[in-house]
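Summary of structural features
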Amino acid sequence: MQLKYQQTLNESISFEGIGLHSGINAKVKIHPALENHGIVFQRTDISDKGDNKVQASFKNVSSAILCTTLKNQNGVEVSTVEHLLAALFITGIDNALIEINAKEVPIMDGSSKCFVEMIMDKGLKSQNQLIKYLKVQKKVELFHGDKFISIEPHNSLNINFKLVYKNNIIGNQENDIDLSKKKNLYDIYSSRTFCLLEDVEKIRSAGLAKGGSLDNAIVVDEDRILNKEGLRNPKEFVNHKILDCIGDLYTSGYRIIGSVNCSQGGHFLTNQLLKKVFENKENFSIIEIQERNLPHTILNKTLLRSIA
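Below or above, wherever it landed, is the structure these notes cover. These figures come from a predicted structure and were not determined experimentally.

Brief notes about the side chain of Thr-68
Within the secondary structure layout, Thr-68 lies in the loop between strand 6 (61-63) and strand 7 (69-71). Residue class for Thr-68 comes out buried when judged on its relative accessible area of 3%.

Written as structure tokens, this is what we have:
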């Protein structure tokens with residue numbers, strides 16, 4: 001079901017935790033925001049005499065290596081934003097101001113589960129402005145070596161993702177998710193980030209994963225999972241990739257109506273896809289829904305109003 005009106009938090013929420021890559025503890029406060037504000041991060045550890053706000057926009061993505069990093073024109077950065085952005089999308093938050101006193105969003109348990117639960121505990125507030133949707137009009141695709149991503153017209157946001165690993169535990173996984181059916185999203189937002197044990201030292205030698213542990217990531221060692229509790233669901237690896245994709249797609253600034261198909265992709269490929277979509281106005285239209293809680297399956301031109 002598509003929502004008609006924008007939403008924000010009913011009241012502010014606060015949390016803190018360690019950054020996966022920086023290893024630095026960060027405190028975060030998410031505040032309600034006015035209509036059409038969008039999702040904005042604000043670095044409270046940086047003087048507000050300059051611009052310490054960073055819009056969650058694909059245009060502001062400065063790095064997409066192992067996580068998504070946003071940077072404004074003054075060089076102010078916020079990294080590992082994808083899990084929190086995915087939680088905001090899944091719970092239906094259109095407008096929020098996110099105060100953070102460090103560079104990196106806490107990794108929490110490696111998924112979006114904590115974020116989703118905190119948001120739903122506080123509740124949502126409906127606003128007066130209509131939601132602006134980005135409806136894909138033409139297929140756009142990208143190839144990067146053996147990796148692939150595309151988006152094409154559809155009547156909801158659907159994501160099909162394929163993983164191909166030589167590792168026997170991860171192997172070849174695929175899942176197809178319709179984001180309009182929120183009942184099946186628990187396995188998505190509760191799925192944790194993961195890595196191979198053999199890659200841990202390489203990642204740390206690059207100055208990353210300083211805060212990584214078995215408390216916030218699944219670690220696979222050849223034919224076994226090092227986490228004592230095992231997997232949360234049979235497709236947790238590919239489900240986490242879908243979670244990342246949701247968060248990265250939300251940097252479009254809109255709720256997308258289209259079908260995404262991705263094989264072996266990640267943050268970089270999703271960001272490049274958004275850039276390519278926005279290169280040509282014929283690829284999409286910005287619309288408002290004229291019926292409350294309109295089922296995805298009956299989306300058509302008579303019930304939509306194009307505004308761009």
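Some remarks on the sheet that holds strand 7
Taken in spatial order, the three strands make up an open sheet running 6-7-8, and their pairing is antiparallel. Two strands lie at the open edges of the sheet, namely strand 6 and strand 8 (77-79), each paired on one side alone. When the angles between neighbouring strand axes are averaged without regard to direction, this sheet yields 35°. Where strand 7 meets strand 8, three bridges bridge the pair, whose relative direction is antiparallel. Counted as the bridge partner of Lys-71 is Glu-77 from strand 8.

Remarks on the pattern of salt bridges
The final tally for this structure, using the stated rule, is 14 salt bridges. Across the pair Arg-232 and Asp-109 runs a salt bridge, and its minimum N-O distance is 2.9 Å. Of the two residues, Arg-232 sits in the loop between strand 18 (224-225) and helix 5 (236-249) while Asp-109 sits in the loop between strand 9 (96-100) and helix 2 (113-122), which places them 123 residues apart along the sequence. Taking relative accessible area as the criterion, Asp-109 reaches 11% and is therefore assigned buried. Across the pair Glu-282 and Lys-138 runs a salt bridge, and its minimum N-O distance is 2.9 Å.

A few points about the layout of surface pockets
Within this model, the largest pocket holds a volume of roughly 1100 Å³. Taken together, 42 residues make up the lining of the largest pocket; nearest its centre are Leu-66, Tyr-165, Phe-194, Cys-195 and Lys-241. Contributions of two or more residues to the lining of the largest pocket are made by helix 1 (82-91), strand 14 (157-164), strand 16 (194-196), helix 4 (197-205), helix 5 and helix 6 (267-279). The biggest single contributor to the lining of the largest pocket is helix 4, with five residues. As for the second largest pocket, its lining consists of 20 residues, of which Asn-36, Gly-38, Asp-94, Gly-253 and Tyr-254 are closest to the centre.

Describing the packing of aromatic side chains
This model, assessed by the stated rule, comprises eight aromatic pairs. Ring centres of Phe-143 and Phe-148 lie 4.7 Å apart, and the angle between their planes is 45°; this geometry places the pair in the tilted category. For Phe-143, a relative accessible area of 60% corresponds to the exposed category. Taking the centre distance of 5.0 Å and the plane angle of 80° together, the rings of Phe-194 and Phe-237 count as edge-to-face.

Observations concerning the sheet that holds strand 5 (residues 53-55)
Read from one edge of the open sheet, five strands run 2-3-9-4-5, paired in mixed fashion. Each end of this open sheet is capped by a strand with a single partner; those strands are strand 2 (13-18) and strand 5. For this sheet the average axis-to-axis angle between neighbouring strands, irrespective of direction, equals 25°. Where strand 2 and strand 3 (residues 25-32) come together, six bridges link them in antiparallel fashion. Among the inter-strand pairings, Phe-15 is bridged to a residue of strand 3, identified as Val-28. Together, strand 3, strand 4 (39-43) and strand 9 form the strand contacts of helix 1, whose direction differs from that of strand 4 by roughly 140°.

Details of the packing of helix 1 against helix 5
Contact geometry for helix 1 and helix 5: axes closest at 7 Å, N-to-C directions at 80°. Our classification of the angle between helix 1 and helix 5 gives roughly perpendicular. Residues Glu-82, His-83, Leu-85, Ala-86, Phe-89 and Ile-90 of helix 1 form the contact with helix 5, whose own contacting residues are His-240, Leu-243, Asp-244, Ile-246, Gly-247 and Asp-248.

Considering empty space enclosed by the protein
Applying the stated criterion across every chain yields a total of three cavities of 30 Å³ or more. Of the pockets and cavities examined, the largest cavity occupies roughly 60 Å³. Forming the walls of the largest cavity are Ile-149, Phe-161, Lys-241, Asp-244, Cys-245, Cys-262, Gly-265, Gly-266, His-267 and Thr-270. Going through the elements one at a time, helix 5 and helix 6 are the ones with two or more residues in the lining of the largest cavity. Among the elements that line the lining of the largest cavity, the one with the most residues is helix 5, at three residues. Here the residues of the lining of the largest cavity sort into four nonpolar, four polar and two charged.

Things to note about the pairing of strand 14
Taking burial as the measure, the eight residues of strand 14 include six buried ones, the bulk of the element. Looking at chain direction, strand 14 and strand 15 (residues 172-178) are connected through seven bridges and run antiparallel. By the bridge assignment for strand 15, Lys-162 is matched with Glu-174.

Remarks on helix 6
Spanning 13 residues, helix 6 covers 19 Å between terminal C-alpha atoms, matching the ideal 18 Å at 1.5 Å per step. Inspection of helix 6 places His-267, Leu-269, Thr-270, Asn-271, Leu-273, Leu-274 and Val-277 among the buried residues, and these make up the whole buried set.

Calculation rules
Residues numbered from 1 in each chain as written. Predicted model: local features only at pLDDT ≥ 70, side-chain atom pairs only at ≥ 80, totals over all residues. Heavy atoms only, no water. Helix = DSSP H or I, 4+ residues; strand = E, 2+ residues; numbered from the N terminus. Buried < 20%, exposed > 50% of the residue type's maximum accessible area, 1.4 Å probe, protein only. Pairing = 2+ DSSP bridges. Axes fitted to C-alpha atoms, helices over the stretch in contact; angles between N-to-C directions. Salt bridge = Lys/Arg side-chain N within 4 Å of Asp/Glu carboxyl O. 1 Å grid on protein atoms, 1.4 Å probe; cavity = no way out; pocket = protein on both sides within 12 Å on 5 of 7 lines; lining within 4 Å. Points joined across faces, edges and corners; volume = space filled by probe spheres on them. Phe/Tyr/Trp six-rings, centres within 6.5 Å; stacked < 30°, edge-to-face > 60°. Contact = heavy atoms within 4.5 Å. Parallel < 35°, antiparallel > 145°, perpendicular 65-115°, else oblique. Nonpolar A, V, L, I, M, F, W, Y, C, P; charged D, E, K, R; others polar. Expected span 1.5 Å × (residues − 1).

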